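# Per-entry structural report
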Amino acid sequence: MLNREAAPLIRVGVLGFGGLGQAAARVLAPKQEMNWVATADLKGYAYNPEGLSADTCIATYTQKGSVGYVEPHGTLSHNSIRELIARAPVDGYFLALPNLPNTFMADIARQFIQSGWQGVLVDALKRTSAVEQLLALQDDFQAAGITYLTGCGATPGLLTAAAAIAAQSYAEVHTVKITFGVGIARWEAYRATIREDIAHLPGYDVETARAMSDAEVEALLDRTNGILTLENMEHADDIMLELAGICDRANVSVGGVVDTRNPQKPLSTNVQVTGRTFEGKTSTHTFTLGDETSMAANVCGPAFGYLKAGTALHQRGLYGLLTAAEVMPQFAR
Ligand code: NAD
């Protein structure tokens with residue numbers, strides 16, 4: 001391997017400490033280029049300039065319900081994100097927050113803009129309408145000195161970026177079809193993810209899913225044997241591929257199966273990109289994820305790859321909103 005100059009350590013924050021936030025802490029633990037220094041949940045935050053311990057934070061959150069109880073670096077707060085931004089010097093945040101209501105992430109983005117903080121933000125947002133709200137903030141991100149990379153999870157994210165690469169063989173892209181399989185042992189480990197998936201089922205929307213109690217979610221999952229089958233979802237892969245000039249958003253489709261009672265994937269996650277080559281041949285590229293890779297691995301890995309890429313852009317003075325289909329993720333070691 002070429003011996004590249006050692007890059008300065010990136011100080012990373014993770015907002016939201018549920019399923020994805022905790023997985024993010026574990027993904028970051030062995031990385032030499034990134035130091036996980038800050039985190040926040042609904043009831044508190046923790047900050048240590050020397051680096052936080054994933055084991056301690058996860059154990060405390062599991063036992064007491066907030067990282068605010070972590071000794072001695074935690075603080076309980078009803079305004080955890082605002083206080084953390086003001087207090088902690090952080091280069092980039094992964095926003096592992098629920099987007100409930102559908103305007104929540106854009107509200108958080110406005111909070112960052114108003115705080116005067118400068119740096120890199122990365123999200124794993126899923127809905128097209130949520131990404132559209134961020135697009136409306138494009139000028140504000142640029143003026144604030146924030147490099148915001150949106151849609152940087154698995155889908156949107158890894159699979160959207162793979163589609164952008166696969167498209168290069170074609171003179172014209174006809175369709176992009178994303179099919180995901182997710183297996184988790186217990187739905188409670190990913191409450192927001194499951195509620196946001198329920199919001200795509202016929203007869204539900206974001207507000208009805210958000211208002212469901214845990215008992216109501218359990219009753220629904222009992223009726224379906226723990227399986228959620230999702231078709232023609234409102235997924236931002238479509239607007240991201242359209243913005244990248246690859247195809248019209250109407251030609252992008254996303255669906256999948258989530259098993260909430262079995263960590264094995266019910267099907268292999270894949271993206272199929274069909275197009276016409278310059279010779280006039282129609283063909284399909286298929287990119288399939290390994291079945292052993294979990295949702296958490298396929299979301300958090302790309303999120304930090306994009307955070308590293310975003311840091312390089314920020315250092316060069318490139319601010320504003322970009323999507324996972326426009327920027328190549330780097331590999332965070
Ligand atoms: P979760 O429900 O497990 O955890 C949410 C966390 O956010 C909790 O720690 C909670 O305390 C915290 N939180 C909530 N409101 C807060 C507030 N106002 N201030 C500070 N913290 C707050 O969530 P999850 O299942 O890990 O999902 C997180 C997000 O990731 C969801 O929006 C989900 O849709 C998204 N996701 C994206 C992909 C992808 O491929 N793009 C895949 C999976 C999940």
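Residues numbered from 1 in each chain as written. Predicted model: local features only at pLDDT ≥ 70, side-chain atom pairs only at ≥ 80, totals over all residues. Heavy atoms only, no water.

### Looking at the sheet that holds strand β5 (residues 92–95)
- Across the sheet, 8 strands lie side by side as β4-β3-β2-β1-β5-β6-β7-β13; this open sheet has mixed pairing. Bordering the open sheet on either side are β4 (74–76) and β13 (320–323), each of which pairs with just one other strand. If you compare each strand with its neighbour and ignore which way they point, the axes differ by 20° on average.
- As defined by bridge partners, strand β3 (residues 44–47) adjoins β4 across 3 bridges and the pair is classed as antiparallel. Each residue of the ladder has a partner; that of G44, found in β4, is L76.
- Across the sheet, helix α1 (residues 19–28) is in contact with β1 (10–15), β2 (34–41) and β5; its angle to β1 comes to roughly 160°.
- In the packing of helix α4 (residues 104–115) onto the sheet, contacts are made with β1, β5, β6 (119–123) and β7 (146–150), and the angle to β7 comes to roughly 165°. (Pairing = 2+ DSSP bridges. Helix = DSSP H or I, 4+ residues; strand = E, 2+ residues; numbered from the N terminus. Axes fitted to C-alpha atoms, helices over the stretch in contact; angles between N-to-C directions. Contact = heavy atoms within 4.5 Å.)

### Quick word on helix α5 (residues 128–135)
- Three or more residues of α5 are buried, namely T128, A130, V131 and L134. Buried residues of α5, viewed axially, fall in a sector of 160°; they line one side.
- On its buried face, α5 is in contact with α4, β6, α6 (138–144), β7, α11 (237–243) and β13. (Buried < 20%, exposed > 50% of the residue type's maximum accessible area, 1.4 Å probe, protein only. Arc of directions from axis to C-beta.)

### Description of the site of the ligand
- Near the ligand you find 29 residues, and of these G19, L20, Y61, T193 and E196 are the closest.
- Residue A124 places a main-chain N or O atom 3.0 Å away from a nitrogen atom belonging to the ligand.
- T193 is positioned such that a nitrogen or oxygen atom in its side chain is 2.6 Å from an oxygen atom of the ligand.
- In isolation the ligand exposes 880 Å². Once the protein is present, 89% of that is buried.
- When contributions to the shell around the ligand are tallied by element, the ones reaching two or more residues are α1, α3 (80–87), α8 (191–198) and α12 (295–315). (Near = heavy atom within 4 Å. Polar contact = N/O pair within 3.5 Å; in protein donor to acceptor, adjacent residues only side chain to side chain. Areas by Shrake-Rupley, 256 points an atom, 1.4 Å probe, with all protein chains shown as cover.)

### Some words on the sheet that holds strand β10 (residues 252–259)
- Spatially, β9-β10-β8-β11-β12 is the arrangement adopted by the 5 strands of the open sheet, whose pairing is mixed. Each end of this open sheet is capped by a strand with a single partner; those strands are β9 (227–230) and β12 (282–288). Ignoring strand direction, the axes of neighbouring strands in this sheet form an average angle of 10°.
- Across 7 bridges, strand β8 (residues 172–183) lies against strand β11 (residues 270–276) in antiparallel orientation.

### Some remarks on the nonpolar core
- Core analysis: the largest hydrophobic core is formed by 115 residues, its most contacted members being F94, F112, Y148, V176 and F304.
- The biggest single contributor to this core is α12, with 10 residues.
- Ignoring sequence-local partners within four residues, the contact set of V176 consists of A163, L241, C247, N251, V252, S253, V271, Q272 and V273. (Core = buried A, V, L, I, M, F, W, Y, C linked by side-chain atoms within 4.5 Å.)

### Quick look at the environment of G275
- As for its placement among the helices and strands, G275 is situated in strand β11.
- With relative accessibility at 0%, the residue G275 sits in the buried group.
- G275 sits 108 residues away from A167 along the chain, and the two C-alpha atoms are 7.5 Å apart.
- For G275, the residues in contact, after removing those within four places along its chain, are Y170, E172, V173, H174, K281, T282 and S283.

### Quick look at the pairing of β8
- Pairing of β8 with β10, which is carried by 8 bridges, proceeds in the parallel orientation. For K177, the partnering residue across the bridge sits in β10 and is S253.

### Observations concerning the packing of aromatic side chains
- One pass over the full model with this rule turns up 7 aromatic pairs.
- The interplanar angle of 10° and the centroid separation of 5.9 Å between the aromatic rings of F17 and W36 together place this pair among those described as stacked. On the criterion of sequence distance, the pair formed by F17 in the loop between β1 and α1 and W36 in strand β2 is long-range, its members being 19 residues apart.
- The class of F17 is buried, set by a relative accessible area of 1%.
- A ring pair is formed by F94 and F304, whose centres lie 5.6 Å apart and whose planes are at 75°; its orientation type is edge-to-face. A residue pair is termed long-range when its members are at least 10 positions apart, and F94 in strand β5 and F304 in helix α12 qualify at 210 residues. For the pair F94 and F304, one class covers both residues: buried.
- An aromatic cluster of at least three residues, connected via ring pairs, comprises F17, W36 and Y61.
- Positioned above the aromatic ring of W187, the side-chain terminus of R191 is 5.5 Å from the ring centre. (Phe/Tyr/Trp six-rings, centres within 6.5 Å; stacked < 30°, edge-to-face > 60°. Lys NZ or Arg CZ within 6 Å of the ring centre and 35° of its normal.)

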